[in-house]
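Here are the chains, one letter per residue:
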Amino acid sequence: MADTEGLDNKSPLYFITGFPTDCEKLLSAFEATGSVRYENFSSIWREMKFSRVYCGRESQRELSMFTCEALRFALKMWLPPYKFQTRVGALYLIYGMYFSQPLEPKEKLRVTLPEWEQVLEFERELVEQQHHDAHYCFLKLKLSSAFLFVAVSLSMMGPLANMALNDMDKFGEHFKEKNSQLRELTETDNFEQLRAIHSQYHSMKCSLTGSDAVMPDVSLNMVQADLASTFKKWAVLSIKQNNEALRLLKAFLKHRSFALTLQNGGRRGVEEAAFYSQKQRRQWR
């Protein structure tokens with residue numbers, strides 16, 4: 001664990017000092033397996049003796065604060081923009097921490113409505129890709145009332161809340177999916193601005209050629225007329241190709257995970273998780 005030097009003891013992150021580093025080690029090791037199976041995660045959890053993160057708390061209040069902030073930190077890793085495998089690992093982390101916490105009643109995971117919508121979208125992805133063990137963990141958390149639905153993510157307001165959120169956002173940059181600059185271009189009015197500038201540029205070249213000229217002189221006609229439209233079509237095509245590559249990567253991860261499970265003799269566990277998952281989906285309809 002890291003030391004607490006430089007952190008105000010009133011800061012929310014003071015209670016989880018060192019926990020982010022431990023999370024990074026745990027999730028990095030899980031990512032290195034190339035799998036999203038729970039058995040791989042639990043093996044790393046046990047090897048790191050991660051359940052001992054609750055040890056050494058001086059009071060019930062400190063233990064409660066640590067659990068609340070640690071769960072909140074794990075939730076940030078469960079949500080976008082982190083990579084799919086990292087988000088599955090974060091779900092397993094929340095599952096393990098919630099059910100191993102020594103508090104009674106248990107500290108719940110504070111979730112806002114926008115965050116819950118992202119969680120449900122992630123659940124749909126788990127169902128579509130048949131990651132039954134990860135879906136089982138989510139369903140068990142939900143049936144155990146592990147989630148507390150709130151208007152704001154932290155139970156405090158003011159500069160301390162902002163500081164905590166900003167510090168959490170800086171964590172684990174290498175776990176995040178890279179933002180597409182092409183997507184940002186297509187989702188804004190940049191192309192319209194480019195089209196307007198190009199049209200103005202074309203008009204200026206025509207005026208230099210002659211007052212009645214419709215097209216610029218050959219020496220000035222160095223750029224194609226529909227530059228903005230051509231560039232936009234290329235950008236949209238590139239985004240589609242990137243999305244398809246990401247879909248194939250997730251499909252590969254799914255098949256690799258199941259292959260490793262069957263290789264280790266885990267067929268029965270997968271079938272049981274699949275049965276439980278289907279049963280609970282029917283109950284929640």
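Look up a bit, the structure's there.
Okay, so let's go over this structure.

About the criteria used
- Residues numbered from 1 in each chain as written.
- Predicted model: local features only at pLDDT ≥ 70, side-chain atom pairs only at ≥ 80, totals over all residues.
- Heavy atoms only, no water.
- Phe/Tyr/Trp six-rings, centres within 6.5 Å; stacked < 30°, edge-to-face > 60°.
- Helix = DSSP H or I, 4+ residues; strand = E, 2+ residues; numbered from the N terminus.
- Buried < 20%, exposed > 50% of the residue type's maximum accessible area, 1.4 Å probe, protein only.
- Lys NZ or Arg CZ within 6 Å of the ring centre and 35° of its normal.
- Contact = heavy atoms within 4.5 Å.
- Expected span 1.5 Å × (residues − 1).
- Arc of directions from axis to C-beta.
- Polar contact = N/O pair within 3.5 Å; in protein donor to acceptor, adjacent residues only side chain to side chain.
- Core = buried A, V, L, I, M, F, W, Y, C linked by side-chain atoms within 4.5 Å.
- Axes fitted to C-alpha atoms, helices over the stretch in contact; angles between N-to-C directions.
- Parallel < 35°, antiparallel > 145°, perpendicular 65-115°, else oblique.
- Left-handed = near helix turned anticlockwise from the far one by under 90°.
- Nonpolar A, V, L, I, M, F, W, Y, C, P; charged D, E, K, R; others polar.

## A word on the packing of aromatic side chains
Under the definition given, this model contains 22 aromatic pairs. Between W78 and F122, the ring centres sit 6.4 Å apart and the planes meet at 90 degrees, which makes this aromatic pair edge-to-face. Taken together, the residues span a long stretch of sequence, with W78 in helix α3 (residues 60–78) and F122 in helix α5 (residues 113–128) at a distance of 44 residues. Given the relative accessible area of 1%, W78 is considered buried. Above the ring of F99, the side-chain terminus of K140 is found at 5.0 Å from the ring centroid.

## A closer look at the environment of V150
Mapping V150 onto the fold places it in the loop between β2 (147–149) and α7 (159–169). Residue class for V150 comes out buried when judged on its relative accessible area of 18%. Residues contacting V150, with those up to four places away along its chain left out, are R110, V111, T112 and L113.

## Overview of α5
Three- or four-residue spacings in an α-helix give side chains the same orientation, since the helix completes a turn every 3.6 residues. Helix length check: α5 (16 residues) gives 23 Å between terminal C-alpha atoms against 22 Å at 1.5 Å per residue, within 8%. Listed as buried for α5 are E115, W116, V119, F122, E123, E125 and L126. With its buried residues spanning 165 degrees around the axis, α5 presents them on a single face. Counted as exposed and oriented over 90 degrees from the buried face of α5: L113, P114 and E128. Positive backbone phi, at 60 degrees, marks Q130, one or two positions downstream of α5.

## A word on the side chain of H131
With respect to the helices and strands, the residue H131 is situated in the loop between α5 and α6 (132–143). A distance of 3.2 Å separates the side chain of H131 from the side chain of Q129, its partner in a polar contact.

## Concerning the nonpolar core
Ranked by size, the top nonpolar core spans 47 residues in total, and within it F19, W78, L93 and M97 carry the most contacts. For this core, the secondary structure elements donating two or more residues are α1 (19–32), α2 (38–48), α3, α4 (84–100), β1 (109–111), α5 and α6. If one sorts the elements of this core by residue count, α4 sits on top with 10 residues.

## Let's talk about α6
Given a rise of 1.5 Å per residue, 12 residues ought to cover 16 Å, and the 16 Å separating the end C-alpha atoms of α6 matches this to within 8%. With nine of 12 residues buried, α6 is to be regarded as a mostly interior element. Looking one or two residues beyond α6, the residue adopting positive phi is S145, at roughly 55 degrees.

## Section: the packing of α1 against α3
At a minimum axis separation of 11 Å, α1 and α3 run at an interaxial angle of 40 degrees. Taken together, α1 and α3 sit at an angle that is classed as oblique. Crossing angle aside, the handedness with which α1 passes α3 is right-handed. On α3, the residues touching F19, P20, C23 and L27 of α1 are F66, A70, F73 and M77. Per-class residue counts for the contact of α1 with α3 are eight nonpolar, no polar and no charged.

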